[in-house]
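Overview (structure and organization)
Chain by chain, the residues run as shown.
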Amino acid sequence: MTSRQPLPEVSLEDFTRYFPHAPAALCIKECARLTALRRYDCEGPILDVGCGDGLFAKIAFGTEEVWGIDIDANEGRWAQASHAYQQIVIGDITRARLPEAFFATCIANCSLEHVPALDAALRNICHSLRPGARAYLFVPQRDWASAMWSVRALRRLGAEPAARAVEASIDRTFRHHHLYDAPQWRELVSSAGFEVERIEPVLSSATTSAFEAFLLPSLAGWLNKRLTTRWTNFPRARERAAPVAYALVRAALALGSSSLTGEFLVVCKRPE
């Protein structure tokens, strides 16, 4: 595990690669996670849990051997088409038959909070890792949505019940089954057999507020995905528009706080 020089939370290079294929709101979060993950070495073979369309892995892992697993067959087809993976497993991470003690690294990119049987998922991941191999788990902080402008505005107005209702509605929309503080995440991961090395706060409050700012224009992408299974239809046009979109994103990020309230990166390993 190697520490590296600090990078911009959302870089132009990553955004330019992501934006042609995903809505701006999603790009903000994914690019910030890429930045956080680059502080660590990820040795192959790598297990990508909840791999989605494969874009994150393609950017993050280069030529390393990567296996992807996703419960959604449509996502699996896009992942296969991305050529980011040597193997794609379509299945439930709680029950999928993964090779025992095979992977040198696991990445779960904000996927585990959507799995109802989290303990079973963590145990299965742990068994698939080699002794001493590390997992990097991006998971939401319990109160991540409190950094949204709408929630903060309601609280400033003294409308606490309304602010809580908005937060709860957001988490229902994104199907978050698990929202915990750091000690709770530590206990859950440890009880599955992992040795937790650190729980690092990542993703600034600014990424959450910027994510909210770009949600409305990103709704077209969410609708398009439901209709066509892809986020965007015109990647080349979006590639040309990426520098302008990035400038708007940087402006939105500059208005937010640098406090790390968005997510945790749980760094853990299978005991040797």
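Placed above this text is the structure.
Here we summarise the structure given alongside this text. (Residues numbered from 1 in each chain as written. Predicted model: local features only at pLDDT ≥ 70, side-chain atom pairs only at ≥ 80, totals over all residues. Heavy atoms only, no water.)

With that settled, the discussion passes to helix α4 (residues 73-82). Those residues of α4 not exposed but buried are E75, G76, A79 and S82. Take α4 and look down its axis: the buried residues cluster within an arc of 115°, on one side only. Here the buried face of α4 lies against α3 (55-61), β2 (66-70), β3 (87-90) and α10 (215-228). The N-capping residue of α4, defined by a side-chain oxygen 2.8 Å from the backbone nitrogen of N74, is D72. (Buried < 20%, exposed > 50% of the residue type's maximum accessible area, 1.4 Å probe, protein only. Helix = DSSP H or I, 4+ residues; strand = E, 2+ residues; numbered from the N terminus. Arc of directions from axis to C-beta. Contact = heavy atoms within 4.5 Å. Polar contact = N/O pair within 3.5 Å; in protein donor to acceptor, adjacent residues only side chain to side chain.)

Topologically, P201 is positioned in strand β6 (residues 195-202). What makes P201 partly exposed here is its relative accessible area of 34%. Measuring from C-alpha to C-alpha, the distance between P201 and Q141 comes to 8.3 Å, with 60 residues separating the pair along the chain. Those residues in contact with P201, other than ones at most four positions away along the chain, are Q141, L260, E263 and F264.

Quick look at the packing of helix α2 (residues 24-37) against helix α9 (residues 205-213) now. In a packed pair of helices, the relevant descriptors are the angle between the two axes and the axis-to-axis distance. Two elements in contact, α2 and α9, have axes whose closest approach is 8 Å; the angle formed by their N-to-C orientations is 160°. Relative to α9, α2 is oriented roughly antiparallel. From α2, A25, L26, I28, K29 and A32 reach across to α9, where they touch T207, T208, A210 and F211. The residue makeup of the contact of α2 with α9, split by class, is 6 nonpolar, 2 polar and 1 charged. (Axes fitted to C-alpha atoms, helices over the stretch in contact; angles between N-to-C directions. Parallel < 35°, antiparallel > 145°, perpendicular 65-115°, else oblique. Nonpolar A, V, L, I, M, F, W, Y, C, P; charged D, E, K, R; others polar.)

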